[in-house]
Amino acid sequence: MKVPFLDLKAQYESIKDEIAVAIQQVLDKTAFAGGPFVAQFEKEFAAFCGTKFCEGVGSGTDALWMSLLALGVGPGDEVITVPDTFIATAEAISFCGAKPVFVDVDPVTYNMDSGKIEPAITPHTKAIIPVHLFGQMADMDPILEIARKQKLFVIEDASQAHGAEYKGRKAGSMGDAGCFSFYPGKNLGAYGEAGAVVTSNADLDKKIRMLRDHGQAKKYYHDLIGWNARMDGIQGAILSVKLKHLPAWNEARRRNAKLYNEMLGKVDGVVIPQESSHNKHVYHIYAIRVQNRDFLISSLAGRDINCGIHYPIPLHLQKAYKALGLGKGSFPVAEKVASEFVSLPMYPEMSPDQIETVVRELESSLSSQLVRKV
Ligand SMILES: Cc1ncc(COP(=O)(O)O)c(C=O)c1O
């Protein structure tokens, strides 16, 4: 049985008719850039996250960048984040002219280790960006407490955590701003590029609305130097349709993760994901850790099972961030887990049969490796 890493087609088939109606409505109204369908989605997504406002933008990268700009982050400033994330988290900081300052991650949750934040704070530190990696929220209480004491902003990178919860609070609702990507493969994915910021701060909402639209609140009256980071109407309409299904899709991911955990928990040499007791993990990525992951990934690919790696190289070791001068050994936990991660197929439409197949082939791959070693 072939098991893809992701099956966007299966999900599309299940909502095809609703999507067709939504797109037709946008075409009928020719509401292509911003407009009523984006505004409607913003209202619904703010309510979903438990915030007062939401600003639809062009991508998750835009969401992070616009939030940092709106909070006044600029040249000479430092922003604390983690090295085990998608590069966009750090790029947004760099694109404001500020410097990303990395801190190591927790070896169990793979999220920001809050104990490492205070030593990284300098007089230039302006904000902290915890990333809710793989769909599990970072330990927000200590992060918010440090930020409050040190007068720093907190921007949640919730790009992988739509609907995740920490002590009953939704991802994106705990910091000054929460940033989401709606890249097609995300738990809530558009049919193109899209993103959003959520916040309960009215000034921030107003500023992000202006920044995403060339600094104007009134057409052709530009009070700020902004950018074009608008969400398009078709994406807004599609996201409204898909948002209604998100809770059920997240539950399906959690069921799949539970089944994986039950079966993989018994397999020697496999470290399964751990969900903290105060968290609701939404398993955007189901990442295990193994030694010799390259062998496992290629063996599984030979058995028609596609895996991924999120992410193979921590940001401080990427060529793009060479100028920071951070060599190997700077963040031992981030480096170790990044060298062991394997993301297994995970999407709401996966069947128990598919999960069993992945686990069976994985066990068989690992034992063939042992035989080869002997
Ligand atoms: C953690 C994280 N941050 C930011 C982004 C950037 O989002 P986008 O691709 O929509 O710009 C992503 C998307 O992959 C992500 O996973």
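Scroll up for the structure.
A few points on the structure.

The rules behind the values
Residues numbered from 1 in each chain as written. Predicted model: local features only at pLDDT ≥ 70, side-chain atom pairs only at ≥ 80, totals over all residues. Heavy atoms only, no water. Salt bridge = Lys/Arg side-chain N within 4 Å of Asp/Glu carboxyl O. Helix = DSSP H or I, 4+ residues; strand = E, 2+ residues; numbered from the N terminus. Buried < 20%, exposed > 50% of the residue type's maximum accessible area, 1.4 Å probe, protein only. Pairing = 2+ DSSP bridges. Axes fitted to C-alpha atoms, helices over the stretch in contact; angles between N-to-C directions. Contact = heavy atoms within 4.5 Å.

The next thing to look at is the pattern of salt bridges. On inspection of all chains with the given rule, the structure shows 18 salt bridges. In this structure, the salt-bridge partner of E145 is R148, at a minimum N-O distance of 2.8 Å. Of the two residues, E145 and R148 are both situated in helix 5 (residues 140-150); the distance of 3 residues between them amounts to about one turn of the helix. The salt bridge involving R254 is made with E275; its shortest N-O contact spans 3.0 Å. Of this pair, R254 sits in helix 7 (residues 233-264) while E275 sits in the loop between helix 7 and strand 12 (279-280), placing them 21 residues apart in sequence. A residue is classified by how much of its surface remains accessible, and R254, at 22% relative accessible area, is partly exposed. A relative accessible area of 30% means that E275 is categorised as partly exposed. Each of the salt bridges in this network shares a partner with another, and the network as a whole consists of E42, D205, R209 and R212.

In sheet architecture, strand pairing relies on hydrogen bonds along the backbone and comes in two forms, parallel and antiparallel. Spatially, 7 strands are ordered 1-9-8-5-4-2-3 in an open sheet, and the strand pairing comes out mixed. At either margin of the open sheet sits one strand with a lone partner, and together these are strand 1 (53-57) and strand 3 (99-102). Here the strands of the sheet are splayed against their neighbours by 25 degrees on average, with no regard to which way each runs. With 5 bridges connecting them, strand 1 and strand 9 (residues 195-199) associate as antiparallel partners. Within the sheet, the bridge partner assigned to V57 lies in strand 9 and is G195. Set on the sheet, helix 2 (residues 36-49) makes contact with strand 1, strand 8 (177-181) and strand 9; between it and strand 1 the angle comes to about 125 degrees. Of the strands in this sheet, strand 1, strand 2 (78-81), strand 5 (153-157), strand 8 and strand 9 touch helix 3 (residues 60-70), which is tilted by about 160 degrees from strand 8.

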